[in-house]
Protein chains: 2
Amino acid sequence: MAKSRSIRNKVSKKDYEVRVPELREQLIHLQVQLKNAPFPVLLVVAGVESTGKGDAINTINGWLDPRGVEVFAFHPPTDEESARPYMWRYWRCLPPRGRLGIYTGSWYTEALREASAKNADPAKFKHALQRIEHFESLLVADGALIVKCWLHLSQEAQHKKLTKLESNSRTAWRVTAQDWEAHQNYDQHETLGKTLRKATNRTGASWTLIDSENERGRNVAITETLLEAFAHHHKQHRAPPPAGRPTEITPLRPEGITKLEALPLDKNISASEYVKKRDRWLGELNQLVRQAAKKERSIVFVFEGWDAAGKGGAIRRLTNAIEARNCRVIPVAKPTDEEKAHHYLWRFWRHLPQAGRVTIYDRSWYGRVLVERIEGFAREEEWRRAYEELNDFEHQLSENGVIVLKFWLHISKEEQLRRFQHRMETEYKRHKINDEDWRNREQWSEYETSVGDMLILTNKSYAPWYLVPAEDKRYARLQVLKLACRRIAAALQKG
Amino acid sequence: MAKSRSIRNKVSKKDYEVRVPELREQLIHLQVQLKNAPFPVLLVVAGVESTGKGDAINTINGWLDPRGVEVFAFHPPTDEESARPYMWRYWRCLPPRGRLGIYTGSWYTEALREASAKNADPAKFKHALQRIEHFESLLVADGALIVKCWLHLSQEAQHKKLTKLESNSRTAWRVTAQDWEAHQNYDQHETLGKTLRKATNRTGASWTLIDSENERGRNVAITETLLEAFAHHHKQHRAPPPAGRPTEITPLRPEGITKLEALPLDKNISASEYVKKRDRWLGELNQLVRQAAKKERSIVFVFEGWDAAGKGGAIRRLTNAIEARNCRVIPVAKPTDEEKAHHYLWRFWRHLPQAGRVTIYDRSWYGRVLVERIEGFAREEEWRRAYEELNDFEHQLSENGVIVLKFWLHISKEEQLRRFQHRMETEYKRHKINDEDWRNREQWSEYETSVGDMLILTNKSYAPWYLVPAEDKRYARLQVLKLACRRIAAALQKG
């Protein structure tokens, strides 16, 4: 746990005139260094009302080269934002590595606004802070630097400031009824601020308390805090060397492989029975998806499985039951360069469905603990902490009413070979197989271990894994339909 | 002008069972070929109400490999969409090259809905169709294939269909009051459809009229139309060879260079006078921007100019006058790989500001007719047609109430050399200069010609170019502030 600092300094006009050109030069230097740094910087300026957050940001923004900065403000959520999990709007506004984002009205503003409302529920505030803490810790673990300044003003100074603004006809518009109300409830806001800072103070994202009475002193203090934190962070966070492929994949949870191996692969179903049952389940699924949409519940399907296990076929059967206009299939391949410049979860956040829609992921965020672990694209500490991160991601979806279903389609190594060969021999299926598939096949046991760990470590009641024996394609497709119907029906009954 | 085709075919159940597997195989083959094709495919299924657009798309979508397709539907505009130019929501939903987008409820739905309302203005419909025609022709010129099917149903068949749907308790919900209303006004809808098809029929985006009474026939006809159009297009649209740098840049409009050369570069202003005037204009600009925001008018600033002409400095002075939270500076550098996979204007559409915000582009879409023309990144027919495309883009902004200001900052070749040398000598400015700047400098006269053409061909009343002598930085910054104030004030007075 980091210690939060407190700065109270008065800067004279004369000193300011000397200091500002120095600070500007240092800021430009920061931006030049940041350009090639392997992390983004977030500068959060928070504090209760009327502490001059906007003025401070305008000033400091003016000192920076505008080409490497973006200032984010949050207005009331748009309807596109309201239709998605709480943190979506903040994920939308994250700077990529090498850039600086300045936040006036960050995730803290909304939390504070809610908490200071009449009859606010303290448990809700606590929950909001936990969510923020998690969000920031995720970014910090990924290397981000979050510099957080809390602007403070004594009640007396606040009164002076509001009165002064009101007395000038050119600034009077800036004082709102809300400001005076916040002033009346000064103590309550102070307490909320303290609670908030205590709950969200951590190394890499620690709070600096800055007295805002002297505006020059405030501007200097924020800038110095940013410069200092950056210098420290920049020294410590060089781009780590690529991990390289690990020599061995050892199971974290050996019971995972056991579970996989226990799957009965001899299940099958006749063609005629398949058609009969399929149509029944398709009809049912169609109804359920429609009901879910009516209740504004989204559905997220995740498909993972061995190459050639039949993910595509199963997905196609699913989409047959769903109105095309409400359904989106997202094949997850290599990230684009924009995606690579962000946290690995960013690419999944950006495509989250609006409430009431269905999204089907053909491969997913689980690549982090499968291919990235095995090929060494993620370092050990990265994929190790990913289980928790993925759980939390799905938990946030589920909190927002999203029904999450995850399928692992399982086949034997022999069946895979048969299917690969069949694909090679069939003209219009040949495009479905490439060298990478053969390479992956050579690492069957490494995948087995990683899949086993994944199935145990990310199997949650809010986002369970369904293991589907897929040696018989018809059986697998039917299972997917049936399990989907059951889970959606249960979720709709509960919620 | 392409001829629209008309298909009316009845397919028996037995024939259908034979035909569908064939079509599916051909569709998969199409998708495999498309994957590496240098163009996107858009399948638009339109038609009046109750012709089974949704059913047809669901069926055909089910025949495709869901991994390479996306189905787009348009619900009533979200508030993020309403706050931007009309076509923004469609630009958001364009498939990249190598992918297929299927549109149920496309840009045609909204145009038809508006036109069939009571007291609809025929001029507005005409305008909407022109806008659509322009949008499609832009994509087609860029190589896109747009396959458009208009589903037709006789009034009698429509009646039969609605009655049948209503009589079944499982499908009755699909018939709305709107459907019956459309049925009552069958003739009006027919006429609108005819007008629409006539106005938007072109090679690469032609209409096929398909009778929808026999559903099997309809599904087959749409698929065959798509397959046929694709086969034809695929043969003709191989990736063109890169253009290569042109041997010579000849002016299209020689008066452009004359205009540039006529700029008086000896203008300057003393430091003390500068400060006085600057503060006056900054104050005025601040007020004007605030007024614009109140009226939900966005402002778009475009900065172009020689390397080292002082774009960054001028932008920074501007941002000093604007609330950081309402202002965004977008430096335009190389496109990302996602951007490269789309039409060159896509990257600018995607970042368009919401109503009431200020966006400052540091370099812009004019790269198409400057660097891309000179370096041969765009082929001659591409940069030649770009002038019109850019004019139309800005016209759409202006139609939406956006105030567009474009600045060309002009310096002499000698002054540029002085500034380059100064940058090399100054520690914290060295990052601002690189080999590319020196290379660009060698092509001074090629740029001069291209800039001249741009200034003449894209100087419109709704988006005028301001030529700013920038040999003296203070003079240039002041000019920018002054011109910005005048234009914004004038625009607010008019609108």
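In this text the structure is predicted, and so the values were computed from the model without any measurement.

Engineer: Can you walk me through the overall build of chain A in this structure?
Structural biologist: Within chain A, the secondary structure is distributed over 21 helices and 11 strands. When burial is assessed residue by residue, chain A has 56% of its 495 residues classed as buried. For chain A, contacts bridging at least 24 residues in sequence account for 82% of all contacts bridging at least 6. By element, 49% of the accessible surface of chain A is carried by carbon and sulfur atoms, the whole surface being about 22,400 Å². Side chains of chain A carry 81 positive and 66 negative charges; the gap between the two charge centres is 3 Å.

Engineer: Teacher, can you tell me more about the confidence of the model for chain A here?
Structural biologist: Interpreting fine coordinate detail is not advised for predicted regions of low pLDDT. Here chain A averages 91 in pLDDT, while 99% of its residues score no lower than 70. Across the whole predicted complex the pTM is 0.87, and at the interface the ipTM reaches 0.79.

Engineer: Sorry, what's going on with the interface of chain A and chain B here?
Structural biologist: Buried accessible area, meaning the area lost when the parts come together, often serves as the stated size of an interface. In this complex, chain A contributes 49 residues to the contact, which on the side of chain B involves 49 residues. Taking both partners together, chain A and chain B bury about 4,600 Å²; carbon and sulfur atoms supply 46% of that area. Three residues, Arg67(A), Arg316(A) and Arg325(A), lead the burial of chain A against chain B; their summed loss comes to 15% of the area buried on that side. If you look at where chain A meets chain B, you find 8 salt bridges.

Engineer: I'm lost on the pairing of strand 5 (residues 145–152) of chain B in this one. Help?
Structural biologist: The side chains of a regular strand alternate between the sheet's two faces. Residue and element names in this part refer to chain B. The element strand 5 is largely enclosed, with a buried count of 8 among its 8 residues. Residues Leu-145, Val-147, Cys-149 and Leu-151 point to one face of strand 5 and Ile-146, Lys-148, Trp-150 and His-152 to the other, with burial holding for every one of them. When strand 2 (residues 41–47) meets strand 5, the two strands line up parallel, connected through 7 bridges. Within strand 5, the residue paired with Ala-46 across the bridge is Trp-150. Of the strand pairs in this sheet, strand 5 and strand 6 (residues 207–211) are connected by 5 bridges, and their pairing is parallel. Of the residues in strand 6, the one forming a bridge with His-152 is Asp-211.

Engineer: Would you explain the pairing of strand 4 (residues 100–104) of chain A in this entry?
Structural biologist: All names here are of chain A. For strand 4, the tally of buried residues reaches 5 of 5 residues, placing the bulk of the element in the interior. Where strand 2 (residues 41–47) lies against strand 4, 5 bridges are found, and the strand directions are parallel. The partner of Leu-42 across the bridge, within strand 4, is Gly-101. Across 5 bridges, strand 3 (residues 69–73) lies against strand 4 in parallel orientation. Looking at the pairing, Phe-72 lines up with Tyr-103 of strand 4.

Engineer: What exactly am I supposed to notice about helix 13 (residues 311–320) of chain A here?
Structural biologist: Each α-helix winds once per 3.6 residues, and so residues spaced three or four apart point in a common direction. Burial runs high along helix 13 of chain A: 9 of the 10 residues are buried. Turning to helix 13 of chain A, its buried residues are Lys311(A), Gly312(A), Gly313(A), Ala314(A), Ile315(A), Arg316(A), Arg317(A), Leu318(A) and Thr319(A).

Engineer: Just checking my understanding: could you explain the relation of the copies chain A and chain B for this structure?
Structural biologist: Two copies of a chain can be linked by a rotation about an axis combined with a shift along that same axis. Once chain A has been moved 0.0 Å along the axis and rotated by 180°, it coincides with chain B to within an RMSD of 0.0 Å. Such a combination of turn and shift is consistent with a two-fold rotation axis. The overlap is high: 100% of the interface residues of chain A also sit at the interface in chain B, so the same surface is used on both sides.

Engineer: Please clarify how the packing of aromatic side chains should be interpreted in this entry.
Structural biologist: Remark: the centre distance and the inter-plane angle together describe each pair of aromatic rings, the angle taken between the planes. Under the defined criterion, the tally for this structure stands at 52 aromatic pairs over all chains. Centroid distance Tyr16(A) to Trp63(A): 6.4 Å. Interplanar angle 55°. Geometry classified as tilted. Taken together, the residues span a long stretch of sequence, with Tyr16(A) in helix 1 (residues 13–35) and Trp63(A) in helix 2 (residues 53–63) at a distance of 47 residues. Consider the rings of Trp306(B) and Trp444(B), whose centres lie 3.6 Å apart with planes at 5°: the pair is stacked. Of this pair, Trp306(B) sits in the loop between strand 7 (299–305) and helix 13 (311–320) while Trp444(B) sits in helix 20 (residues 444–457), and the two are 138 residues apart along the sequence. Like Trp444(B), Trp306(B) is buried. Members of the aromatic cluster, each reached through a chain of ring pairs, are Phe72(A), Phe74(A), Tyr90(A), Trp91(A), Tyr103(A), Trp107(A), Phe135(A), Phe348(A), Trp349(A), Tyr361(A), Trp365(A) and Phe393(A). Its end group placed over the ring of Trp88(A), Arg84(A) keeps NZ or CZ at 4.2 Å from the ring centre. Over the ring of Tyr86(B) we find Arg131(B), and its NZ or CZ is 3.9 Å from the ring centre.

Engineer: Is there a simple way to think about the pattern of salt bridges in this case?
Structural biologist: Side chains that carry opposite charge are capable of pairing whenever their charged atoms lie near each other. This structure, assessed with the given rule, holds 68 salt bridges over all chains. For Glu213(B), the salt bridge is made with Lys160(B), and the minimal N-O distance between the two is 3.7 Å. On the criterion of sequence distance, the pair formed by Glu213(B) in the loop between strand 6 and helix 10 (215–236) and Lys160(B) in helix 7 (residues 155–167) is long-range, its members being 53 residues apart. Within the structure, one salt-bridge network assembled from shared partners comprises Arg368(A), Glu372(A), Arg379(A), Glu381(A) and Glu382(A).

Engineer: How do you make sense of the sheet that holds strand 9 (residues 358–362) of chain B when you look at a structure like this?
Structural biologist: In sheet architecture, strand pairing relies on hydrogen bonds along the backbone and comes in two forms, parallel and antiparallel. Residue and element names in this part refer to chain B. Across the sheet, 5 strands lie side by side as 8-9-7-10-11; this open sheet has parallel pairing. In this open sheet, the two edge strands, each paired with only one partner strand, are strand 8 (327–331) and strand 11 (465–469). Within the sheet, the average angular offset between the axes of one strand and its neighbour, ignoring direction, is 20°. The sheet contact formed by strand 7 and strand 9 spans 5 bridges and is parallel. Following the sheet pairing, Ile-299 is matched in strand 9 by Val-358.

Engineer: Teacher, can you tell me more about the sheet that holds strand 9 (residues 358–362) of chain A here?
Structural biologist: All names here are of chain A. Sheet architecture is open: 5 strands sit in the order 8-9-7-10-11, paired in parallel fashion. Looking along the sheet, the strands with just one partner apiece sit at the ends: strand 8 (327–331) and strand 11 (465–469). Between one strand and the next, the sheet's axes are offset by a mean angle of 20°, whatever the strand orientation.

Engineer: So what exactly am I meant to see when it comes to the packing of helix 1 of chain A against helix 2 of chain A here?
Structural biologist: Between two packed helices, the angle of one axis relative to the other and the distance separating the axes together describe the packing. Residues and elements named next belong to chain A. Relative orientation of the contacting elements helix 1 and helix 2 amounts to 65°, with a least axis distance of 9 Å. Two secondary-structure elements touch here, helix 1 through Tyr-16, Val-20, Leu-23, Arg-24, Leu-27 and Ile-28 and helix 2 through Thr-59, Ile-60, Gly-62 and Trp-63. Partitioning the contact of helix 1 with helix 2 into residue classes produces 7 nonpolar, 2 polar and 1 charged.

Engineer: Before we go on, may I ask you to explain the environment of Asp55(A) in this structure?
Structural biologist: Residue and element names in this part refer to chain A. On the secondary structure map, Asp-55 appears in helix 2. On a C-alpha basis, the gap between Asp-55 and Tyr-387 in space is 42 Å, while along the polypeptide they are 332 residues apart. Once you skip the residues sitting within four places of it in the chain, Asp-55 turns out to touch Arg-174 and Arg-218.

Engineer: Hey, could you run me through the environment of Leu370(B) in this one?
Structural biologist: Residues and elements named next belong to chain B. Structurally, Leu-370 is set in the loop between strand 9 and helix 16 (371–375). Leu-370 gets classed as buried once you look at its relative accessible area, which sits at 6%. In this structure, Leu-370 is in contact with Glu-304, Tyr-447, Ser-450, Val-451 and Met-454, ignoring residues within four places of it in sequence.

Engineer: Explain the state of the cysteines to me, please; I cannot follow it from the model alone.
Structural biologist: The term disulfide refers to a covalent linkage connecting the sulfur atoms of a pair of cysteines. In this structure the tally under the stated criterion is 0 disulfides over all chains. Sulfur of Cys485(A): no disulfide; nearest cysteine sulfur belongs to Cys327(A) and is 14 Å away. For Cys485(A), a relative accessible area of 1% translates into the label buried. Here Cys149(B) stays unpaired: no disulfide links it, and the sulfur of Cys93(B), its closest cysteine neighbor, is 20 Å away.

Conventions we followed
Residues numbered from 1 in each chain as written. Chains lettered and ligands numbered in written order. Predicted model: local features only at pLDDT ≥ 70, side-chain atom pairs only at ≥ 80, totals over all residues. Heavy atoms only, no water. Helix = DSSP H or I, 4+ residues; strand = E, 2+ residues; numbered from the N terminus. Buried < 20%, exposed > 50% of the residue type's maximum accessible area, 1.4 Å probe, protein only. Contact = heavy atoms within 4.5 Å. Areas by Shrake-Rupley, 256 points an atom, 1.4 Å probe, with all protein chains shown as cover. Lys, Arg positive; Asp, Glu negative; His and termini not counted. Charge placed at Lys NZ, Arg CZ, Asp CG, Glu CD. pLDDT = per-residue confidence, 0-100. Buried area = accessible area lost by both parts, 1.4 Å probe. Salt bridge = Lys/Arg side-chain N within 4 Å of Asp/Glu carboxyl O. Pairing = 2+ DSSP bridges. Least-squares fit on C-alpha atoms with pLDDT ≥ 70 in both. Phe/Tyr/Trp six-rings, centres within 6.5 Å; stacked < 30°, edge-to-face > 60°. Lys NZ or Arg CZ within 6 Å of the ring centre and 35° of its normal. Axes fitted to C-alpha atoms, helices over the stretch in contact; angles between N-to-C directions. Nonpolar A, V, L, I, M, F, W, Y, C, P; charged D, E, K, R; others polar. Disulfide = S-S within 2.5 Å.

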